[in-house]
Amino acid sequence: MVSSSPSSPSSAGPASGTVYLVGAGPGDPGLLTLRAADLLAGATEIYYDHLVSDGVLARCPPGARLVNVGKIGHGPQTAQHDIERQLVNAARAGHRVVRLKGGDPMLFGRGAEEALALEAAGVPFEVVPGVSSALAVPASAGIPLTARGYASSVAIVTGHSLAGAPAPIPSADTIVVLMGVSNAAAIRDQLIAVGLAPSTPAAVVEWGTCDRQRAVDCTLFELPEAIARHGFGPPAILVIGEVVRLRTRLDWRRARALELDAREQPCP
Ligand SMILES: C[S@@+](CC[C@H](N)C(=O)[O-])C[C@H]1O[C@@H](n2cnc3c(N)ncnc32)[C@H](O)[C@@H]1O
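Residues numbered from 1 in each chain as written. Predicted model: local features only at pLDDT ≥ 70, side-chain atom pairs only at ≥ 80, totals over all residues. Heavy atoms only, no water.

### Quick word on the sheet that holds strand β9 (residues 214-219)
On the basis of which strands lie adjacent, the open sheet formed by five strands has the order β6-β7-β10-β8-β9 and mixed pairing. Since the sheet does not close on itself, it has two edges, and those belong to β6 (154-158) and β9, each with one partner. Averaged over all neighbouring strand pairs, the angle between strand axes comes to 20°, with direction disregarded. The pairing of strand β8 (residues 201-206) with β9 spans six bridges and is antiparallel. Note that in β9 the partner of Ala-202 across the bridge is Cys-218. The sheet strands contacting helix α5 (residues 133-140) are β6, β7 (174-178), β8 and β10 (236-240), and the helix crosses β10 at an angle near 75°. In the packing of helix α8 (residues 223-230) onto the sheet, contacts are made with β8, β9 and β10, and the angle to β9 comes to roughly 150°. (Pairing = 2+ DSSP bridges. Helix = DSSP H or I, 4+ residues; strand = E, 2+ residues; numbered from the N terminus. Axes fitted to C-alpha atoms, helices over the stretch in contact; angles between N-to-C directions. Contact = heavy atoms within 4.5 Å.)

In structure tokens, the structure reads:
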């Protein structure tokens, strides 16, 4: 099918009766897109996920109704069909509806299911891409996913599939695993079973791009132990591949923190 758009999405605010599936980025509000900020400013109902940061939520207008429909691991959940029903009802009631999802709405975010439900209900929608954690979090920790000479391909996978029953593991120079921190041992074993060397460089980055970002380097073999030792938990991303070696030189946050520390030293 060939499609052409008669016009690019307008830069105007949201229209009533439309649902905007908006990417909120990885956490740092500075990584919200201009389109996302415009839509948030004009929304009357905002349905958000638990990974949407407080800094992003602070941009919601005071009069808007904010509804937390987040799913926390195995914790409290709003059923997916319930979220879809609420979006359809809000649009039919004439609201300007923003569905705010962490990172990019179409990457492991169930954005496709929500868009399909809106399409089936005849509700107009727009997809507003966001900065995905899969790319932004490694960059924020000084890991260039495709540094020339180190990697020319990247696979982005969910830890749920890697840790489950034998699933095809993509062959790529760099592997980025989302939702993998709780299943790191099974993921490590699977990757070694398909031929990755246990000594392959690896890193864990938790709360990437946020003030509380933490990261650690290790080897693929050491991943589960490093996670346990430092008490890492979701949200975190695992990166496996030779590019992780560059972090010792490209960890710009650490370099900046050291510079600030040095400036704060009292004069001799
Ligand atoms: C359900 S997926 C949603 C991904 C999202 N759609 C995206 O494009 O970033 C949630 C997972 O993304 C990763 N993630 C999201 N934000 C993160 C952050 N700030 N730091 C580290 N990992 C993050 C974690 O692996 C988390 O478990």
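### Concerning the sheet that holds strand β3 (residues 65-68)
A sheet is described by the order of its strands in space; here five strands give the open sequence β3-β2-β4-β1-β5, paired in parallel fashion. If you trace the sheet from one side to the other, it starts and ends with β3 and β5 (125-128), each paired once. Going from strand to strand, the sheet's axes swing by 20° on average, the running direction of each strand aside. Running over the sheet, helix α3 (residues 80-92) touches β1 (19-23), β2 (45-48), β3 and β4 (97-101) and is turned about 150° from β4.

### Structural notes on the environment of Pro-14
Mapped onto the secondary structure, Pro-14 falls in the segment before β1. Relative accessible area serves as the criterion here: at 10%, Pro-14 is assigned to the buried category. Expressed as a C-alpha distance, the spacing of Pro-14 and Arg-35, which sit 21 residues apart in the sequence, is 10.0 Å. In this structure, Pro-14 is in contact with Tyr-20, Asp-38, Leu-39, Gly-42, Ala-43 and Arg-96, ignoring residues within four places of it in sequence. (Buried < 20%, exposed > 50% of the residue type's maximum accessible area, 1.4 Å probe, protein only.)

### Some words on α5
Burial within α5 is extensive, with six of its eight residues counted as buried. Those residues of α5 lying buried are Ser-133, Ala-134, Ala-136, Val-137, Pro-138 and Ser-140. You can read the cap of α5 off the contacts: a side-chain oxygen lies 3.1 Å from the backbone nitrogen of Ala-134, and it is on Ser-132. Just beyond α5, the residue with positive phi is Gly-142, at close to 80°. (Polar contact = N/O pair within 3.5 Å; in protein donor to acceptor, adjacent residues only side chain to side chain.)

### Here we look at helix α1 (residues 34-42)
All of the buried residues along α1 are Arg-35, Ala-36, Ala-37, Leu-39, Leu-40 and Gly-42. If you follow the buried residues of α1, they end up packed against β1, β2, α2 (54-57), β4 and β5.

### A word on the pattern of salt bridges
For the structure shown, the criterion picks out 14 salt bridges. Notably, a salt bridge pairs Arg-188 with Asp-189, separated by 2.7 Å at the nearest N-O pair. Linked by salt bridges that have partners in common, Asp-49, Arg-99, Lys-101 and Glu-114 make up one network. (Salt bridge = Lys/Arg side-chain N within 4 Å of Asp/Glu carboxyl O.)

### As for the site of the ligand
Around the ligand, the structure places 18 residues, and the nearest of them are Leu-107, Ser-132, Ser-133, Gly-208 and Ala-236. Residue Asp-104 places a main-chain N or O atom 2.9 Å away from a nitrogen atom belonging to the ligand. Here an oxygen atom of the ligand sits 2.6 Å away from a polar atom, N or O, in the side chain of Ser-133. With the chains in place, 88% of the 570 Å² that the ligand exposes on its own is no longer accessible. For the shell around the ligand, the elements supplying multiple residues, two or more each, are α5 and β10. In terms of residue class, the shell around the ligand is made up of twelve nonpolar, five polar and one charged. (Near = heavy atom within 4 Å. Areas by Shrake-Rupley, 256 points an atom, 1.4 Å probe, with all protein chains shown as cover. Nonpolar A, V, L, I, M, F, W, Y, C, P; charged D, E, K, R; others polar.)

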